[in-house]
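Structural features, examined
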Amino acid sequence: MLFPEYVMPISEKPRIDVVCALIWEPGQTGRVLVARRLLSDPHLPGMWEFPGGKIEEGESPTEAVVREIEEEFGVRVGVKGAFGVFEHEYPAVWITLHALECEVSSDACFVPVDHEEWHWMLPSEMHTLNWAAADLPIVDALLKIQSIRSAVPFVSRVCVR
């Protein structure tokens, strides 16, 4: 390294890998599950989030999100794929948030254990909530996707011979 005295670490804070589920409501409504943390939670009490939690040692983000949603809501999710990876620095910790798109069966019965409440919401409605800061970039990304989808007119497929 040419000038090691000029290289500063991004953050001296502990780094934690976490995962969140973007659970789409069955039936193509365009709504996503959002949840409000317990008021008694020591970290971000009462804030809204996409549910999830820490990725345990040796666990993949997919395994973690399935485990976390089962623990938090008693529901088994199917993981459709990665939505994105987001970084956020809180005062005491730096987190890497892996957002995964998920689906549930239409008869899934959500029983919140670690949340005050939960709702299905369109991205355009989400900015009315008090969000955990790490989740805000996901809200913005969902809103952009919703805007693009609503701006593109429906085109049916035509076959010409």
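Residues numbered from 1 in each chain as written. Predicted model: local features only at pLDDT ≥ 70, side-chain atom pairs only at ≥ 80, totals over all residues. Heavy atoms only, no water.

**With respect to the nonpolar core**
The test is simple: Nine residue types can take part in a nonpolar core, namely buried Ala, Val, Leu, Ile, Met, Phe, Trp, Tyr and Cys, and a core is a set of them joined through side-chain atoms within 4.5 Å. Three labels apply to residues, based on accessible area from a 1.4 Å probe with only protein chains included: buried if under 20% of the type maximum, exposed if over 50%, partly exposed otherwise in between. In this description a helix means any DSSP run of H or I spanning at least four residues, a strand means any run of E spanning at least two, and both kinds are numbered starting from the N terminus. Throughout, a residue-residue contact means that at least one pair of heavy atoms, one from each residue, lies within 4.5 Å.
In this structure, Phe50, Met126, Ile138 and Leu142 are the most contacted members of the largest nonpolar core, which totals 25 residues. Contributing elements (two or more residues each) for this core: strand S1 (15-24), strand S2 (32-37), strand S5 (78-89), strand S6 (94-103) and helix H2 (136-151). In terms of residues, this core owes the most to one element, S1, which gives 4 residues. In this structure Leu142 touches Leu22, Trp24, Val32, Phe50, Phe83, Pro123 and Met126, once residues within four positions along its chain are discounted.

**What about the pairing of S1?**
The cut-off we apply is this: At least two bridges found by DSSP between two strands is the condition for calling them paired.
The element S1 is extensively covered by neighbouring structure, given that 7 of its 10 residues are classed as buried. Bridging between S1 and S6 involves 10 bridges; their strand directions are parallel. If you follow Asp17 over to S6, its bridge partner there is Thr96. Direction of pairing for S1 relative to strand S4 (residues 52-54): antiparallel, over a ladder of 3 bridges.

**Comments concerning the pattern of salt bridges**
This is how it is decided: Each salt bridge in this description consists of a side-chain nitrogen of Lys or Arg and a carboxyl oxygen of Asp or Glu lying within 4 Å of one another.
This model, assessed by the stated rule, comprises 11 salt bridges. Measuring nitrogen to oxygen at the nearest pair gives 2.7 Å for the salt bridge that ties Arg31 to Glu25. Glu59 is the salt-bridge partner of Arg67, the closest N and O atoms lying 2.7 Å from each other. The network of salt bridges with common partners includes Glu56, Glu59, Arg67, Glu68 and Glu71.

**Here we look at the environment of Phe50**
For Phe50, the location among the structural elements is in the loop between strand S3 (48-49) and S4. Separated by 28 residues in the primary sequence, Phe50 and Leu22 have C-alpha atoms spaced 6.4 Å apart. Beyond its immediate chain neighbours, meaning those up to four positions away, Phe50 contacts Cys20, Ala21, Leu22, Val32, Leu33, Val34, Met126, Trp131, Asp135, Ile138, Val139 and Leu142.

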